[in-house]
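Each chain, written out:
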Amino acid sequence: MDDYSGAAAGIGIGVLIFGFLVYIATLALALWIGYLIMRTAVKNGILRADAERARMHPAAQHGAPPTSPPGSGYSQ
């Protein structure tokens, strides 16, 4: 006899709810791990771009800032 009322119906709904919660938790975990991977990739990309920019334009190449000529009336 297949009677799905009472306790059996409650167990079926409980299994459905548990399965839905596991599904949502798995989806949230996948999104969180994807976010962490993307954040790390962007951070590393910015650091590499800054290092490349520093290699292309070293500070020693530009020299000291210009000074005012002697006797111009401006003191430093």
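Use the structure listed above.
All residue numbers here refer to positions counted from 1 along the written sequence of the relevant chain. Note on the predicted model: pLDDT of at least 70 is required for a residue's local features to be given, and 80 or more for side-chain atom pairs to be given and counted; whole-chain, interface and lining totals, by contrast, use all residues. With hydrogens and water set aside, each side-chain value is computed from the structure's full complement of heavy atoms.

Enquirer: How do you make sense of the overall build of the protein when you look at a structure like this?
Expert: What the protein contains, in helices and strands, is two helices and zero strands. Buried residues in the protein amount to 0% of all 76 residues. Per-residue and other accessible areas were derived by the Shrake-Rupley procedure at a 1.4 Å probe size, with only the shown protein chains allowed to occlude residues. Summing over all exposed atoms, the protein offers an accessible surface of approximately 7,100 Å²; the carbon and sulfur share of this is 70%. Elements are defined by DSSP. Helices are runs of H or I of four residues or more, strands are runs of E of two residues or more, and each kind is numbered from the N terminus. For each residue, the accessible area found with a 1.4 Å probe, counting protein chains only, is set against the maximum for its type, and the residue is called buried under 20%, exposed over 50%, and partly exposed in between.

Enquirer: Can you walk me through the pattern of salt bridges in this structure?
Expert: Two side chains that carry opposite charge are able to pair once their charged atoms sit near each other. The rule for a salt bridge is simple: a side-chain nitrogen of Lys or Arg has to be within 4 Å of a carboxyl oxygen of Asp or Glu. In the structure shown here, the tally under the stated rule is two salt bridges. In this structure, R55 engages E52 in a salt bridge whose closest nitrogen and oxygen atoms are separated by 2.3 Å. Here the residue R55 and the residue E52 both occupy positions in helix α1 (residues 7–56), the gap between them amounting to three residues, near one helical turn. Exposure remark for R55: the relative accessible area of 59% places this residue in the exposed category.

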